[in-house]
Amino acid sequence: MNIFLHELKAYRKSTIIWTLSLMAVVVFFLSLFPAISKDYAEFSKVLEGYPEGVRKALGLEIESFGNILGFYSYVFLYISLCGAIQAMILGTSIVSKEVREKTADFLLTKPVTRTKVITSKILAAVVSLLITNGFYFGTAMIMADQVKSAEFSHKIFILISVSLFILQLLFLAIGIFISVVFPKLKAVLSVSLGTVFAFFVIGMVVSTDASSAKRYLSPFKYFDPKYIIAHSKFESSYFIVAIGVVIVSVLASYIIYKKKDIHAV
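If you're wondering where the values come from, they're calculated on a predicted model, not measured in any experiment. (Residues numbered from 1 in each chain as written. Predicted model: local features only at pLDDT ≥ 70, side-chain atom pairs only at ≥ 80, totals over all residues. Heavy atoms only, no water.)

Q: Kindly report on the packing of aromatic side chains, identifying the contributing residues and their values.
A: A full pass over the atoms with the stated rule returns 14 aromatic pairs. Centroid distance Phe200 to Phe220: 5.3 Å. Interplanar angle 90°. Geometry classified as edge-to-face. Pair noted here: Phe200 is in helix 11 (residues 188–207) and Phe220 is in the loop between helix 11 and helix 12 (225–231), with a separation of 20 residues, a long-range link. Relative accessible area serves as the criterion here: at 8%, Phe220 is assigned to the buried category. Centroid distance Tyr216 to Tyr238: 4.5 Å. Interplanar angle 25°. Geometry classified as stacked. With Tyr216 in the loop between helix 11 and helix 12 and Tyr238 in helix 13 (residues 236–259), this pair connects stretches of sequence that are 22 residues apart. Look at Tyr238 and you get buried, because its relative accessible area is 3%. In this structure an aromatic cluster arises from ring pairing among Tyr74, Tyr78, Phe171, Phe199, Phe200 and Phe220. (Phe/Tyr/Trp six-rings, centres within 6.5 Å; stacked < 30°, edge-to-face > 60°. Helix = DSSP H or I, 4+ residues; strand = E, 2+ residues; numbered from the N terminus. Buried < 20%, exposed > 50% of the residue type's maximum accessible area, 1.4 Å probe, protein only.)

The following block contains the structure:
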């Protein structure tokens, strides 16, 4: 039994839906840019009417909103929210579904180790996210080239877009950890949405604070588009923390899954 291929097939429909959704979202947002760029002077006056705290929470940078990278940085916040939800749902469901669907005892009686089971599931989840990101990135790049009002750095655009995949890996790892710790998890959607939106709100709150240390509280603030545009790279400290969270969560999931009692039907 090829668990990896089985999981890919099981989540094929979900992957297609999320991929098409993210592609549609980025096409919709970027299609608005020509109109905003054309009337940027008037539009900036409207933005200036918002309190500074609100603009920071929403990720609005008036100075750069009129160029494609600045505009993409703003809409990317909400694109990353959608991507995080996809990854979190995938992470919390891909392991715990065996208990929910009462197939755990059947799976573990097969001549495969628990390590192989969870490895196959994680690899299938990562491949699903890679597929989504591949199509998303292609669509975003084509749209950006079509609607741009001036030349822009493709390297910076790529870095911002790639941060979506890293953010998804982070939430995938957190979701897997939660599903291993709480294998009888039934409300996958509620837990996933609650976790993602909690981090998102925390991110909006810490955006209004000048303290950079508080940004560690929300994964949504680990990859600041403003910093990426200014320096053409990720912030090393936040990047290391993000990778660290992924590694620790996955390792902890392996250890717990290998030792945890699996309830039979």
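Q: Which residues make up the nonpolar core, and what values go with them?
A: Counting 68 residues, the largest nonpolar core has Tyr72 and Tyr136 as the members making the most contacts within it. Among residues more than four places away in sequence, those in contact with Tyr136 are Leu22, Met23, Val26, Tyr72, Phe76, Ile79 and Leu164. (Core = buried A, V, L, I, M, F, W, Y, C linked by side-chain atoms within 4.5 Å. Contact = heavy atoms within 4.5 Å.)

Q: Residue-level account of helix 6 (residues 68–94), with values.
A: Taking 1.5 Å per residue as the helical rise, helix 6 with its 27 residues ought to reach 39 Å, and the 37 Å between its terminal C-alpha atoms agrees with that figure. The sharpest bend along helix 6 comes to roughly 35°, located at Phe76. Along helix 6, 24 of the 27 residues are buried, which leaves the element largely enclosed by surrounding structure. Sitting at the head of helix 6, Asn67 places a side-chain oxygen 3.2 Å from the backbone nitrogen of Leu69. (Expected span 1.5 Å × (residues − 1). Bend = angle between axes of the 7 residues up to and from the residue. Polar contact = N/O pair within 3.5 Å; in protein donor to acceptor, adjacent residues only side chain to side chain.)

Q: Go over the confidence of the model for the protein, please, and point to the residues and values.
A: When pLDDT is averaged along the protein, the result is 85; 86% of the residues meet or exceed 70. Summarising per-element confidence for the protein, the mean pLDDT is lowest in helix 8 (residues 104–108) (52) and highest in helix 2 (residues 12–31) (95). (pLDDT = per-residue confidence, 0-100.)

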